[in-house]
Amino acid sequence: MIKIVNFSKNTNDDSLNYKLYKFMTTNLKGTIFNILGFNFFCKNILYNDLVDLFYDKQDEDVRLLIIYINYENEKKLTSKILFHLLKNPYKIILKFYLLLSKFFYHKTMKYESNTIQLLTLIIDREYYKKKISLDLRDKTIDNFHQAYVKKKQAAKIIASFPIKNVAAAKYYSRNNFNIFLKNKLYNFIEKKYGNVNKY
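What comes next is a walk through the structure.

Description of the overall build of the protein chain
Along its length, the protein chain carries nine helices and seven strands. Classification of the 199 residues of the protein chain by burial places 45% in the buried group. For the protein chain, long-range pairs separated by at least 24 residues make up 71% of all intrachain contacts whose partners lie at least 6 apart in sequence. For the protein chain, the exposed area adds up to about 11,600 Å²; of that, 52% sits on carbon and sulfur atoms.

Below is the structure:
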């Protein structure tokens, strides 16, 4: 079964920190954190109040990663990223086209305070395929989204993914997320939630 837990900012577990970072950067080759590095990830994602991070750890490995953020904190995180890159211009040179796509085609959108952004969702599909049904896996994760939205007194979740990411397209379509915007590289999606129980 999936057991989603909140990352504790009070526990400095170097092994878990690295496993979370490695799980993200291995499964999302295009993530900007491959450029920003492990230290930036720890300081601004794990041990900062900008995001809420949840995960499922099975057989000593991270199998699921969920990160939520709101609009005001996304602006703060974007500022931290830009400041870091300006302090380390060689990273811009090495990954210029990737960064261009992130900031030109995927710039921060303004959205309402009753909206939560699903910043990251990574699922170890092969692992869960051997453990539970696809329907149960999806339902467990979607119920968690619903409960988080309720806790934050929000109304909906938005997210985005590269157009070429077929697995993401299938997941979001299967779970009734709707595309509200697209460009050459990304689809932007949303889902409204009603009343649910807290997680």
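Focus on the pattern of salt bridges
Counted by the stated rule, this structure contains nine salt bridges. The partner of Asp52 in a salt bridge is Lys152, and the shortest N-O contact between them spans 3.4 Å. One end of the pair, Asp52, is in strand S2 (residues 52-58); the other, Lys152, is in the loop between helix H8 (134-151) and strand S5 (156-162), with 100 residues separating them in the sequence. In this structure, Lys156 engages Glu190 in a salt bridge whose closest nitrogen and oxygen atoms are separated by 3.0 Å. Remark: Glu190 occurs in strand S7 (residues 186-192) and Lys156 occurs in strand S5; sequence separation between them is 34 residues. Residues joined in a network through salt bridges with shared partners are Asp61, Arg63 and Asp124.

Examining the packing of helix H3 (residues 38-46) against helix H4 (residues 71-87)
Helix packing geometry: the angle between the two helix axes and the distance between the axes. Running from N to C, H3 and H4 point in directions that differ by 160°, and their axes come no closer than 11 Å. By the criterion of interaxial angle, the relationship of H3 to H4 is roughly antiparallel. Every pair of crossing elements has a handedness; the one defined by H3 and H4 is right-handed. Across the interface between the two elements, Phe40, Asn44 and Ile45 from H3 touch Leu77, Lys80, Ile81 and His84 from H4. Residues belonging to the contact of H3 with H4 are distributed by class as follows: four nonpolar, two polar and one charged.

Focus: the sheet that holds S7
What links the strands of a sheet is backbone hydrogen bonding, and the strands pair in either a parallel or an antiparallel sense. The mixed open sheet is built from seven strands, whose spatial order is S1-S2-S3-S4-S5-S7-S6. Of all the strands in the sheet, the pair left with one neighbour each is strand S1 (5-6) and strand S6 (178-182). Sheet analysis places strand S3 (residues 61-69) next to strand S4 (residues 115-123), joined by six bridges and oriented antiparallel. The residue bridging Ile69 from the neighbouring strand is Gln117, located in S4.

Conventions used here
- Residues numbered from 1 in each chain as written.
- Predicted model: local features only at pLDDT ≥ 70, side-chain atom pairs only at ≥ 80, totals over all residues.
- Heavy atoms only, no water.
- Helix = DSSP H or I, 4+ residues; strand = E, 2+ residues; numbered from the N terminus.
- Buried < 20%, exposed > 50% of the residue type's maximum accessible area, 1.4 Å probe, protein only.
- Contact = heavy atoms within 4.5 Å.
- Areas by Shrake-Rupley, 256 points an atom, 1.4 Å probe, with all protein chains shown as cover.
- Salt bridge = Lys/Arg side-chain N within 4 Å of Asp/Glu carboxyl O.
- Axes fitted to C-alpha atoms, helices over the stretch in contact; angles between N-to-C directions.
- Parallel < 35°, antiparallel > 145°, perpendicular 65-115°, else oblique.
- Left-handed = near helix turned anticlockwise from the far one by under 90°.
- Nonpolar A, V, L, I, M, F, W, Y, C, P; charged D, E, K, R; others polar.
- Pairing = 2+ DSSP bridges.

Shape descriptors only; they carry no functional weight alone.
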